[in-house]
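Report on the structure
Listed below, chain by chain, are the residues.
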Amino acid sequence: MIRRWLVAGVAFGVLWLFVRGVELTVDAVAGEFLIGIAVGLPVAYLFRRLYSEGIDLGAAVQSIPYAVLYAIVFVREIVVANFDVAYRVLAPGDQIEPQVIFVPLRVETDLGVTTIANSITITPGTLTLDHDQEENALYVHVIDGRDVGAIVDPIRTWEDYALVIFDEERSPADPAPAVSVHPEDRNPPRPADHPEVPDEGGGDGGR
Amino acid sequence: MTDQLVAAPMLVVLTTIVALLGLRRWPRVQRSASVGGGLAYALAVGAVAWSVVLAPDAPGAAAYQVGGWVAPFGVTLVVDALSAFMLAIAAAVGLSAAVFSVLYVDRANQRVFYHVLFHCLLLGVTGAFLTGDLFNLFVWFEVMLLASYVFVAFYGGPEHTAAGFRYLVLNVVGSALLLLSVGGLYAVTGTLNMADVSRRMAAPGAYGVDPAPAVGLAALALVTFGLKAGLVPFQFWVPGAYRSAPLPVTAMLAGVTKKVGMYAIVRVYFTVFGGATVGPSIAGVAGSSPLSFLAPVLLAMGIASILVGGVGAVVRDTIEETLAYSSVAQIGFVAVPVGLAAAAPPGSLRRLGLAAALVYALHHALAKPLLFLATAAIRSATGTNRLADLGGLGGRAPVLSACFFLASLSLVGIPPLTGFFGKFLVFDAAARRFATAPGPLGAIVLIALLAGAVLTILYTTRIWTASFWGERTPAVEDAGVDPRQTAVLAALALAIVGVGIWFDPVFEFAGAAADAALDREGYVDLVAPTGGEDA
Amino acid sequence: MATVAAEAGLLNAAADVGLVVVSGLCVLCSYRAIRGPTVPDRVVALDTIATNVVAIAVLFALKTGRGLFVTVSLVLAIIGFLSTVIVAKFVTEGDIIERRE
Amino acid sequence: MKTTARIMVPIILVLAISLLLQGHNLPGGGFIAGVLTTVAFALVYVAYGLDYLDAGVLGRDVEPGRGIFEHRSVTAFRRTFILGLAIAVASGLGALAFDEPFLSQTFVIVESIPIYHEIEVASALAFDLGVYCVVVGVLLTILSVVGAE
Amino acid sequence: MVAVRAAIAVGLVAVGCFFLAVGTLGLLRLPNVYNRMHATSKPTTLGTASIFLAGFVRFGPGGAGLTSLVGIAFLFLTVPTGAHMISRSAQRTGVPFLGNVTWPGKSDDE
Amino acid sequence: MSVALAFVVGGLFGLGTFLLLRRDLVRVVWGVAVVSQAANVYLISMGGVAPGTHDSVPVLAGHGEPVPETTDPLVQALVLTAIVISFGTTAFALALTYRAYEENETMDVQEWQ
Amino acid sequence: MAPELALVATAVALPFVASGATPLVYRLVGARTGYFGAAVAIACFALAGSQLGRRGAVGVPWVPSMDVSLRFYVDGWAVLFALLASAIGALVFVYSASYMADEHTLARYYATLLAFMGSILGVAFAADLLAVFLFWELTSLCSFVLIGHHTDEADSRYAARMAMIVTVGGGLFLLVGIAFLSIAATEALGARSFDLAAMLANADAMESSLRELGLFVPTLAVVAVAAGAKSAQVPLHFWLPNAMAAPTPVSAFLHSATMVKVGVYFVGRLRPLLGGDEWMVLFATVGLATMTAGAALAVVATDIKELLAYSTASHLGLMVAGFGFQSVYGAEAGAFHLFNHALFKAALFLVAGIVAHEVGTRRLAGLSGLWRDLPVTAAVAGVTGLSMAGIPPFSGFYSKELLFEAAYEAAHAAGGLAWLYPAVAVFASVLTVLYSLRLLAIFVGERPGAVASVHRPSAALVAPPAVLGVATAVVSVAPQLAVDAVVEAAIGATAAESPDVHVGLPTHLTPPVAMSAVTIVAGAAAYPVLGRLQRAIGAVVGATPIARPNWWYDRLLSGTEAAGPRVARTVHNGLLRTYVVWVLAAASALALAGYAATTGLVPAVEGVRVTPGITLVLLVAVVAAVAVVSAPSHVVGVLALSILGFMVAIFYILASAPDLALTQLVVETLVLLIFLLVLEQLPAFYADTDRLVAARDAVLSVVVGATAFLTVMLASPDIGAEPTAIARFYATEAVPAGGGTNVVNVILVDFRGFDTLGELFVVSIAAMSVVVLIAMRNRGETR
Ligand code: NA
Ligand code: NA
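Residues numbered from 1 in each chain as written. Chains lettered and ligands numbered in written order. Predicted model: local features only at pLDDT ≥ 70, side-chain atom pairs only at ≥ 80, totals over all residues. Heavy atoms only, no water.

1. Focus on the overall build of chain A
Broken down by element type, chain A carries five helices and six strands. Tracing chain A from N to C terminus, the helices and strands come up as β-α-α-β-α-β-α-β-β-α-β. The buried share of chain A, taken over its 207 residues, is 47%. A sequence separation of at least 24 residues applies to 69% of the contacts in chain A between residues at least 6 apart. Entry remark: accessible area of chain A is about 10,000 Å², with carbon and sulfur atoms responsible for 60%. (Helix = DSSP H or I, 4+ residues; strand = E, 2+ residues; numbered from the N terminus. Buried < 20%, exposed > 50% of the residue type's maximum accessible area, 1.4 Å probe, protein only. Contact = heavy atoms within 4.5 Å. Areas by Shrake-Rupley, 256 points an atom, 1.4 Å probe, with all protein chains shown as cover.)

2. Description of the interface of chain B and chain G
Counting from both sides, the interface comprises 118 residues of chain B and, opposite them, 103 residues of chain G. Counting the contacts that link chain B with chain G gives two salt bridges. B:Asp133 is the salt-bridge partner of G:Arg752, the closest N and O atoms lying 2.6 Å from each other. Summed over the shared surface of chain B and chain G, the number is 16 residue pairs in polar contact (both at pLDDT 80 or more). Broken down by class, the residue content of the side of chain B that touches chain G amounts to 86 nonpolar, 18 polar and 14 charged. (Salt bridge = Lys/Arg side-chain N within 4 Å of Asp/Glu carboxyl O. Polar contact = N/O pair within 3.5 Å; in protein donor to acceptor, adjacent residues only side chain to side chain. Nonpolar A, V, L, I, M, F, W, Y, C, P; charged D, E, K, R; others polar.)

3. Regarding the confidence of the model for chain D
Here chain D averages 85 in pLDDT, and 91% of its residues register 70 or above. Overall fold confidence for the complex sits at a pTM of 0.94, while the interface term, ipTM, reaches 0.94. (pLDDT = per-residue confidence, 0-100.)

4. Some remarks on the coordination of the sodium ion (ligand 1)
Residue and element names in this part refer to chain C. Of the protein atoms, only Asp 95 (OD), Asp 95 (OD) and Ile 97 (O) coordinate the sodium ion (ligand 1), at distances of 2.3 to 3.0 Å. A separation of 3.0 Å is found between the sodium ion (ligand 1) and the sodium ion (ligand 2). Take Asp 95: its relative accessible area is 25%, and that puts it in the partly exposed class. (Donors = N, O, S within 2.8 Å, 3.2 Å for Na, K, Ca; no water.)

5. Observations regarding the interface of chain F and chain G
The interface of chain F with chain G comprises 86 residues on the first partner and 108 residues on the second. Buried area between chain F and chain G, summed over both chains or domains, comes out near 8,400 Å², and the portion from carbon and sulfur atoms is 76%. Counting across the chain F and chain G interface gives two salt bridges. A salt bridge links G:Arg777 to F:Glu102, with the nearest nitrogen and oxygen atoms 3.4 Å apart. Remark: the boundary between chain F and chain G carries 18 residue pairs in polar contact (both at pLDDT 80 or more). Within the residue set of the side of chain F that touches chain G, elements represented by two or more residues are helix 1 (3-20), helix 2 (25-46) and helix 3 (73-104) of chain F. (Buried area = accessible area lost by both parts, 1.4 Å probe.)

6. Side note on the packing of helix 4 (residues 72-97) of chain D against helix 5 (residues 124-147) of chain D
Packed helices, taken two at a time, are described by the angle between their axes plus the distance between the axes. Residue and element names in this part refer to chain D. One way to put it is that helix 4 packs onto helix 5 with a least axis distance of 7 Å and a crossing angle of 155°. The orientation of helix 4 with respect to helix 5, classified from their angle, is roughly antiparallel. Between helix 4 and helix 5 lies a crossing of left-handed hand. On helix 5, the residues that touch Val 74, Phe 77, Arg 78, Thr 80, Phe 81, Gly 84, Leu 85, Ile 87, Ala 88 and Ser 91 of helix 4 are Ala 126, Phe 127, Leu 129, Gly 130, Cys 133, Val 134, Gly 137, Val 138, Leu 140, Thr 141 and Ser 144. (Axes fitted to C-alpha atoms, helices over the stretch in contact; angles between N-to-C directions. Parallel < 35°, antiparallel > 145°, perpendicular 65-115°, else oblique. Left-handed = near helix turned anticlockwise from the far one by under 90°.)

7. What to know about the packing of helix 17 (residues 395-414) of chain G against helix 21 (residues 511-526) of chain G
Residue and element names in this part refer to chain G. Where helix 17 meets helix 21, the axes come as close as 8 Å, and the angle between the chain directions of the two elements is 120°. Accordingly, the angle class assigned to the pair helix 17 and helix 21 is oblique. Crossing geometry of helix 17 relative to helix 21 is assigned as right-handed. Here Phe 397, Glu 401, Phe 404, Glu 405 and Tyr 408 of helix 17 lie close against helix 21, whose contacting residues are Pro 511, Pro 512, Val 513, Met 515, Ser 516 and Thr 519. By residue class, the composition of the contact of helix 17 with helix 21 is seven nonpolar, two polar and two charged.

8. Some remarks on the pattern of salt bridges
Going through the model one piece at a time under the given rule, you end up with 43 salt bridges over all chains. A:Glu77 is paired through a salt bridge with A:Arg76; the nearest N and O atoms lie 3.5 Å apart. Residue classification places A:Glu77 among the buried residues on the basis of a relative accessible area of 11%. A:Asp130 serves as the salt-bridge partner of E:Arg88, at 4.0 Å between the closest nitrogen and oxygen. Taken together, the residues E:Arg88 in helix 3 (residues 64-92) and A:Asp130 in strand 4 (residues 126-132) connect one chain to another. Residue E:Arg88 is classed as buried on the basis of its relative accessible area, which comes to 9%. Take A:Asp130: its relative accessible area is 2%, and that puts it in the buried class. Here the residues in one salt-bridge network are A:Arg106, A:Arg156, A:Glu159 and A:Asp160, joined through shared partners.

9. A few points about the side chain of B:Asn385
Residues and elements named next belong to chain B. As for its placement among the helices and strands, Asn 385 is situated in the loop between helix 16 (348-382) and helix 17 (393-396). According to the relative accessible area criterion, Asn 385 is buried, its value standing at 4%. Within polar-contact distance, the side chain of Asn 385 engages the backbone nitrogen of Ile 319 at 3.0 Å. Within the structure, Asn 385 has its side chain in polar contact with the backbone nitrogen of Glu 320 (distance 3.1 Å). Each residue touching Asn 385, except ones within four places of it in the same chain, is listed here: Asp 317, Thr 318, Ile 319, Glu 320, Thr 375, Arg 379 and Leu 390.

10. Comments concerning the environment of B:Leu387
Residues and elements named next belong to chain B. Examined against the element boundaries, Leu 387 turns out to sit in the loop between helix 16 and helix 17. Note: C-alpha distance between Leu 387 and Ile 463 (76 residues apart in sequence) is 7.1 Å. Once you skip the residues sitting within four places of it in the chain, Leu 387 turns out to touch Arg 316, Asp 317, Thr 318, Ile 319, Arg 462, Ile 463, Ala 466 and Ser 467.

11. Structural notes on a negative patch on the surface
Among the surface-exposed residues, B:Glu471, G:Asp152, G:Glu153 and G:Asp155 lie close enough to one another that they form a single negatively charged patch. Relative to the elements of secondary structure, G:Glu153 occurs in the loop between helix 5 (129-147) and helix 6 (154-188). Here G:Glu153 falls in the partly exposed class, since its relative accessible area comes to 40%. (Patch = residues over 30% accessible without salt bridge, like charges linked within 9 Å, V, L, I, M, F, W, Y side chains within 5 Å. Lys, Arg positive; Asp, Glu negative; His and termini not counted. Charge placed at Lys NZ, Arg CZ, Asp CG, Glu CD.)

12. As for helix 18 (residues 398-412) of chain B
All names here are of chain B. An ideal rise of 1.5 Å per residue puts 21 Å on 15 residues; helix 18 measures up with 20 Å between its terminal C-alpha atoms. In terms of burial, helix 18 is a largely internal element, 11 of the 15 residues being buried. When we look at burial in helix 18, the residues that qualify are Leu 400, Ser 401, Cys 403, Phe 404, Phe 405, Ala 407, Ser 408, Leu 409, Ser 410, Leu 411 and Val 412. Of the residues trailing helix 18, Gly 413 is marked for its positive phi of about 105°. (Expected span 1.5 Å × (residues − 1).)

13. Some thoughts on the packing of aromatic side chains
This model, assessed by the stated rule, comprises 67 aromatic pairs over all chains. Residues B:Phe236 and G:Tyr579 carry aromatic rings whose centres are separated by 4.8 Å and whose planes lie at 20° to one another, so their mutual orientation is stacked. Pair noted here: B:Phe236 is in the loop between helix 11 (214-229) and helix 12 (237-244) and G:Tyr579 is in helix 24 (residues 576-599), and the two residues belong to different chains. You'll find B:Phe236 and G:Tyr579 in the same group, each marked buried. The rings of B:Phe420, B:Phe421, B:Phe424, B:Phe503, B:Phe507, G:Trp62, G:Phe133 and G:Phe194 are connected pair by pair, giving a single aromatic cluster. One Lys or Arg, A:Arg48, reaches over the ring of A:Tyr45 and ends 4.0 Å from the middle of that ring. Over the ring of B:Phe333 we find B:Lys423, and its NZ or CZ is 4.9 Å from the ring centre. (Phe/Tyr/Trp six-rings, centres within 6.5 Å; stacked < 30°, edge-to-face > 60°. Lys NZ or Arg CZ within 6 Å of the ring centre and 35° of its normal.)

14. Details of a nonpolar patch on the surface
The grouping of A:Val61, A:Ile64, A:Tyr66, A:Val68, A:Leu69 and A:Ile72 at the surface amounts to a nonpolar patch, some 530 Å² of accessible area in total. Tracing the backbone shows A:Ile72 in helix 3 (residues 57-90).

Encoded structure:
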């Protein structure tokens, strides 16, 4: 176990190389990396409370293959997603059948949830609207909600990987909770009331 | 040595500001440091003025290249008689206002960056007087403005913030216009250094410059300068801002920052554009140059200021409002001779006009701060400066009253006070115009000056008879005058008398300053912009 | 060397076209930003413009062959994100920076 | 949002420092770096609230209901800008000690250093550092004070 | 080699522009803010990423190419978060969904 | 000179002016911001705006190499300063706006005494 | 024989020094400070007398570079005036010692009175125009303080302010005249000069120089205004009766030998310089008009002091008219009457004071028979009153006779309308006889019962008027004595030639003698119907408000005072809109005028030559700005503003300015953040703009936009223009001299680091300001 901020500091050192755009010679990389460490460690130390837990290096190394897998699925989904949206946007007529679905999650760490949520947003026809902290569930807006199963499948796959990558309590073996589309037991939509928020001036139906 | 001294006033203020910031936690020390800084500033200005301009073997002018880059590549600081004269004004007012602030402003309020911002105001003023670079002038204007904005809205209260907001908006407009002007001049002349611009404008052919747009561009700068000076029709911010700012700061605003606007007009139009030959040819105005454009405009603005300010000041409820309107009128008296100088052919009237303006500016820089500070003293003694609530101050606070009376008289133009010479020289310039140039201009100017002078008597006597004479009001009866405040007033009053009695050196200084403003070639040679043609 | 020039020329032309296209897209986005109809619509448009702006910076880098504009685009990305976040938070909460009372 | 902010904030800081250091040779410089640093802190403010910087990052507890001027972080910001102003002015005055005009800058290229071969040491960096500190201090002061309203 | 690299870069630019255009068109065409966000969050991210990739190809593998990669990472980190924030704001301020779409839960968390 | 640039600068100044004349306090501040932007664009146009090339950027490729003819770096430096200054002013204006509203209890600048 | 500088300077300086010492003296001797003042006055009298018969100028330099000095000129005229001032001053001081004994603010009173006397002496001797002005304005100033002596009485304050406005304001006209004269001197004397003595010595050269420059009439006019204001000539006479609010000794001093005579004195002084036809028309007309108006108003006066005040105005008119006539009789009339009037009027005021003091009223109505209680006073009044009336053989007769002579001569020479001069002079003199008799009537006859008891005045109170009465009597009996002693020299100084003056009772009938006879007979005949006359004059005055003395003043003042608030209301109406409109409209007008004057407003158009990308981006910028203008809510506007900012940033990128783009973006975001932070606290407000107002604003906006458009068109460099030499220098020197490849950064931190320093202070001040705004919002000046 080493302190996380140390790891973060080194990571910033690597980031430094990228940001600086070093030439790929040994001297340049080494030199800049040293500077990067010199910059990164203090920054990481300053924000050490943001990374207060320890980190298990071994686990981290183990998670790498899963991360790669995650990325592969992700990239594939992205490409599909974009052509999907492109089709819907460019094709004449109304190509959408929007729906909001409620997806309870197994991942619990902030990082995990954020990763899943962002992935959902980037990928086809889905968009994370909100995270329900009590239920640990995501509200997902789908552009074509006719086949919920097809939408949820990749999400579950990522979740499986993410459980490993982020060293979560639950394991991919745990059963995935059921998703729901405007379930009966929940409240009907209600517009939030924020009187202090200035909205549209005219009657263009903003709220 | 002399050259190094040029930057001294600047460096003193900079150091003072940093020191004041560092001393925030020790308010007592900070207060002393503020006064010390003001004193050091005055000494620095004195040293510069003496060694560069006044000493028998003084060179008359000196340039300083900030960062060591030769002009026009770096920013040049220039001290000539004109800047030295203006710096002396800033030093006199700055020091007295700094001292008075310590005595007058509530201790707790002084801790809220008051002294730092005060010296920032001084910093902006100093930069504006010293710089020899058009864009740098803009920068120091902004420093000066920003510091003054907050002072206008310093105290809580609707009228303060409203006045501050109006002041801010008008000056933002002014800054944008100045940028238009400076940027355009750079595009037209290819340089920002004033001496370099001057050189190129005087010989446009040699430098491949098309000077035609310069007149309009300079007019845009004139608007900004007019705003700073508070000349009609750019005076709107004056009454509100003067009323709202803490009175010692108002003393600075009226005494110094107004003059920055006039200084800039003189510097830019006479030194920078004095040699240009492009411009309108206007009847009754000599030559065809940016100056011939300036002349009718500035005369109209000056006369309008005299009348609007004078009439506005006649019936006001409070002393400070009266003085605020009076400031509008008084800057008109500074503008008119400058306009006359611009209208005159090169020669003695042009010089006289500028010298008159400078002497008048000096007078106003002594008298008006004294009046504002006296108002502050009255306010701290009685809690009010409403004429209706005052009466019988003359008997209650004789020394204070005497100082106020003296400054009022200087405003009216009673000899042998400084204001008399100011007024006389202005009248003299107008009379010369009347005598030497045909056309109704001279008569109009003279009549306006007379009318303005009579209006001055109206409002000064009104303040005097209403608050210093009359039955003692309860506020006055219970007044406790701070003798230290009175001492500051007395010092300024002595200066008003002293300058009048020993006017000769002052007049020579002002004359030298006028010469400096007109000595375009000398200015160019001093700064010696290199490059350009060969770089 | 000639091929390098050709490469530069081709990429340059492509980047030029790209610049015009993406600038044009900004014009289109501004329609949504102005017409709304809802505030979130406008925020989306702003966000999209911000992303387009990032693209423009990179395209300009390609056009001029100056990598330094990529760094600029990096900053742009951060800035666009922050703008979106604060506006969205403003619209949602009416309070961007919260304080514990 | 909070997680993204957590990741982004240090990265932005690293980027800011990079821009500060490269300013003399590449786009960047004290001002941009300063604002970017502020942006990082602003992200913390927006994501976590005003008190988090004191409580969560600096590890100091904030008494509820205290005025913004009592925040340790706000005091620190003000110190930063005073320090920056002092650095900038001092770096300008420093030239006087070498009998050079105010604000004169210079640079030396130090050669034969392992790995780096040569390093340019520019006095302008000190001035830029002053700018950086001023900007950071100033902007964070404004943000925290206005944000506290 | 050089020609291939150039061709790849040009292709990436073209793809990028295409997707950016898709995003913008979607922003204009789709019926409400939630659906519009589908258009903006995905294609614009990919489009910009594609152009960043062109940058990597052009300037890489070292130098500004590395920086381009950081740019891609930034995009994938920030754009979804931004979209998330916007959609939440839309939902919180009561922007209605299309047709029979309803909100499947309560909304006053955090 | 370019008519397009002139049109933009003129347009921004005009629109800024219109905003400055509004009664709504916030709009006046927008006017301040728009006018500042306009002035900055103007300054850049005073240095001449040329299509971007490898050499047009006033960031030189490296030490000791020949110096190409870049666009005018001076106006860029001036605009940088101007941007920062107008930022300072705008930030102050905003804080002042807040207090002006608080103390005058109206957003209508016409109703301030 | 040349005068002695030391003595003259001492005579002038002594009262000022004494004035400074007065508070101390008062602390030592209290109310008897009056005698201290009298001693000073006597010393001055002696010093002035020592210069009798001398002639010439001496001085010390004051402002050498302007050729201004404290130059003193001694001649008969100066000495006469100085002697009168100091002599009557001495008597007034003595009188004050008793009269003012009960007052509180005596230190101020005596100090001012001494300074007043010193100022008069200064005017008398000053030979430098600026020195004249110095003392001239000092007299006005002192009279302001003296008239306002009773500061808690509204009347006093009103009168003091009026006197200040009229006399100091009039003095400003003199300042213009001084400027004119000095300009003429440049030509006439060969150098810029304020040397009055030299000007008088070269009167002809001065006159021709003035005429050449077209300054003769203007100079005459401004001098006339100044002298008229000081000497209460119509229409500026109204301040004088108001000035009787001053304590009686002050009135005596003011009206007899000092303040009001300053104008006359200066008219006499400049007579050799500016004399001529214009001079005569101006001063004879003004003088006679004043003489008549003053006399008429004196006839209807109800208060002793009021009567005397109008009488003073009338007599001043006589003197001015005298000096107006160009014959030597004119100078004789002016100078001699100045002398006579000083004596009798001072006496009469002191008498009035005694009456007021001892009887308790100054109302003419109901007073009579006072000779029984105040015999000495009555005797003094008799001598001096008859002198005032111009009854032979009293002193006033001689000088008035000279005026008749001068008027007759002038009419005889010019003919036509000029015959009005003698006619008006006679008419005014009839009125003079009338009011003099009215005044004397309070002493004769029986004492009415209404006047309860009359105190005996103390000797100290009676002695001064008695001295003056005796002096008047002496002059009456032996006028030639006075003429020879002091007056003739004075006449010589004010007339071009050296006269041989003989005065005495007439021995044969001449036209002037006949005029005098008519005057006296008509006056005596009209006296019985005085009541009806008074009603008639009163009706005239009542019907024509212009004739009421304060009418003009009050109208002008109240008009100005009404205009003040109007300026405040209409010009400074507190509406930001108005202010911005003025500033921007004026800016546009000025710039357009400047362009029009030099370029004809036609820029060379080279076409739309920016890249399509830039054009599109800028288009979005303008569209965004339009969106800001038309934003339906604050958030929307802020968003649009943000888009504008982004577009400008992109413009910077496309204009090859990476640093700018970065700065612009980061700044834009921060502004957005702060904007939203502030917006949180603000309510929505969308002004329902009046279409008309919007249209008007749009017009101004278009004008401003057009100005900016033209500015770009005219100023921006040609496409493909060479970069400026400076830009080139920065680029080439950035690496070798600045050590950096980022040229912009090298400019910012090195070449133009000074700008950056200023910029740094701007942002620092902004931060401090924000803190101040927040911290100070609930704090006033004091807590
Ligand atoms: Na808050
Ligand atoms: Na807040």
